[in-house]
Amino acid sequence: MNTTQFGKQGWTPDRIGSLKGKTYIITGTTSGTGFEAAKILLSKGAKVVMLNRNPKKSKDTIVALKQELGNNIDVTSIQMDLAEQASVKKASEEVLKKVPQIDALICNAAIAQVPKQTLTVDGWESQMGTNYYGNFTLQALLFPLIEKSKGRIVTVGSMGYDMGIKTINFDDMNWDKGYNANTAYSQSKLAQIMAIYELQDRLEKAGKTDVKAYACHPGASRTNLINTSGSFMMKFIYNLMMFSPLVQSAEKGAYPQLMCATEPNLDQSGFYGPTGRSNWVGPVGAHKIEPHAKDKAVAERLWEVSEKATGLEWNI
């Protein structure tokens, strides 16, 4: 029997009151958990700014949301490709120009299971470049406004963080030797989570406890993630799994990020997601995170490597 700090049912969006006057930025909202998160935030009266790679899909998403929630919702979209640093910088500039406050930045977009080693235009292994460096840059550039807004940074990780090597492969971050889709994906997700806990430490050290940073994951949800980038075999296995009781709806997969974006007084040290079998499904709350995800020496080195690689110093 799993119970979380939120009781037997775990955390649900019923706990969210009115979000009128609040602004949320979400990446990757054209389908899956990002779409569901945007929909729930909008239904509570929030303003939502979507950052998506594909402008046509963004437009269609806005149409779909308005059809479901009515034309009065406050939803806009800015084009951004997380895989390209130039695109992340351009989108961040646009956000800072157009958006007066950020109550939470929800870093939901990701790619997964890229079958062959592929490099981004910036020269990084594609999963690391998109899932990790893209988010590192986005968070750094939007940080001043998040700080001014006393807002939050929410990183949507994955249980995949524990499925590869249990540290960061600093000697070969692009996997020039022995590339494996799972290992590289796992590495990008581990880096994402580690950077959040490192950010918490840095904020505390700087006395900036008004900004909160959270790590969560959606469990196993019915989304398009693997279908977008995985190999034929991965897609085949994944589509069989879609109908299994070990997989939950994309809406439920959105609960952890919504909780981290809205729940007052949530402990930052937790790792949030489904608390049932293998943390794939079940009531949402905090659950165990493996110690290697909070390895301080590795996290500090990762931060330095990331600032150097992106040419960005966080102004904390």
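Placed above this text is the structure.
Since the structure is predicted, the reported quantities are computational estimates derived from the model, not experimental observations.

Draft legend 1. How the structure looks around the pairing of strand β3 (residues 74-79). Both strand β2 (residues 47-52) and β3 contribute to a ladder of six bridges, which runs parallel. Each residue of the ladder has a partner; that of Asn52, found in β3, is Gln79. In terms of handedness, the path from β2 via helix α2 (residues 55-69) over to β3 forms a crossover that is right-handed.

Draft legend 2. Quick look at the pairing of strand β7 (residues 271-274). Note that strand β6 (residues 212-216) and β7 share two bridges and pair parallel. Note that in β7 the partner of Cys216 across the bridge is Tyr272. Relative to strand β8 (residues 284-287), β7 is paired through four bridges, and the arrangement is antiparallel. The partner of Pro274 across the bridge, within β8, is Val284.

Draft legend 3. Representation of the packing of aromatic side chains within the structure. For the structure shown, the criterion picks out nine aromatic pairs. When the ring of Trp303 is compared with that of Trp314, the centres are 5.2 Å apart and the planes differ by 50°; the resulting orientation is tilted. Of this pair, Trp303 sits in helix α9 (residues 296-310) while Trp314 sits in the segment after α9, and the two are eleven residues apart along the sequence. Here the two residues Trp303 and Trp314 agree in accessibility, since each one is buried. Among the aromatic residues, those joined into a cluster by ring pairs are Trp124, Tyr132, Tyr133, Phe136, Phe143, Trp303 and Trp314.

Draft legend 4. Structural view of unusual backbone geometry. For Gln113, which is not a glycine, the phi torsion comes out positive at approximately 55°. When you line up the elements, Gln113 lands in the loop between β4 (104-107) and α4 (126-148). Gln113 gets classed as buried once you look at its relative accessible area, which sits at 8%. The phi dihedral of Trp175 falls on the positive side, at around 55°, and the residue is not glycine.

Draft legend 5. Representation of the nonpolar core in the model. If you look at the biggest cluster of nonpolar residues, it comprises 52 residues, and the most contacted ones within it are Ile102 and Ile168. When residues of this core are traced back to their parent elements, those giving at least two are β2, α3 (85-98), β4, α4, α5 (181-205), β6 and α9. The dominant element in this core, judged by the number of residues it contributes, is α4, at ten residues.

Draft legend 6. Molecular detail of the side chain of Thr137. Along the chain, Thr137 falls in helix α4. Taking the relative accessible area as the measure of exposure, Thr137 reaches 0% and is therefore buried. Contact partners of Thr137, with chain neighbours within four places excluded, come to Gln85, Val88, Lys89, Thr310 and Leu312.

Draft legend 7. Main features of the pattern of salt bridges. In total, this model carries 14 salt bridges according to the counting rule given. Linking Arg202 and Glu198 is a salt bridge whose minimum nitrogen-to-oxygen distance equals 2.7 Å. Of the two residues, Arg202 and Glu198 are both situated in helix α5; the distance of four residues between them amounts to about one turn of the helix. Owing to a relative accessible area of 2%, Glu198 belongs among the buried residues under this scheme. Where salt bridges share partners, they join Glu198, Asp201, Arg202, Lys296 and Glu300 into one cluster.

Draft legend 8. Spatial organisation of helix α8 (residues 250-262). For α8, spanning 13 residues, the distance from its first C-alpha to its last is 19 Å, which sits close to the expected 18 Å at 1.5 Å a residue. Taking burial as the measure, the 13 residues of α8 include eleven buried ones, the bulk of the element. Considered for burial, the residues of α8 that qualify are Ala250, Gly253, Ala254, Tyr255, Pro256, Gln257, Leu258, Met259, Cys260, Ala261 and Thr262.

Draft legend 9. Structural view of the packing of α4 against α9. Running from N to C, α4 and α9 point in directions that differ by 80°, and their axes come no closer than 11 Å. By the criterion of interaxial angle, the relationship of α4 to α9 is roughly perpendicular. Touching Tyr132, Tyr133, Phe136 and Thr137 of α4 are Leu302, Trp303, Val305, Ser306, Glu307, Ala309 and Thr310, all from α9. Among the residues forming the contact of α4 with α9, the class breakdown is seven nonpolar, three polar and one charged.

The rules behind these values
- Residues numbered from 1 in each chain as written.
- Predicted model: local features only at pLDDT ≥ 70, side-chain atom pairs only at ≥ 80, totals over all residues.
- Heavy atoms only, no water.
- Pairing = 2+ DSSP bridges.
- Helix = DSSP H or I, 4+ residues; strand = E, 2+ residues; numbered from the N terminus.
- Right-handed = clockwise from strand over helix to strand, strands pointing away.
- Phe/Tyr/Trp six-rings, centres within 6.5 Å; stacked < 30°, edge-to-face > 60°.
- Buried < 20%, exposed > 50% of the residue type's maximum accessible area, 1.4 Å probe, protein only.
- Core = buried A, V, L, I, M, F, W, Y, C linked by side-chain atoms within 4.5 Å.
- Contact = heavy atoms within 4.5 Å.
- Salt bridge = Lys/Arg side-chain N within 4 Å of Asp/Glu carboxyl O.
- Expected span 1.5 Å × (residues − 1).
- Axes fitted to C-alpha atoms, helices over the stretch in contact; angles between N-to-C directions.
- Parallel < 35°, antiparallel > 145°, perpendicular 65-115°, else oblique.
- Nonpolar A, V, L, I, M, F, W, Y, C, P; charged D, E, K, R; others polar.

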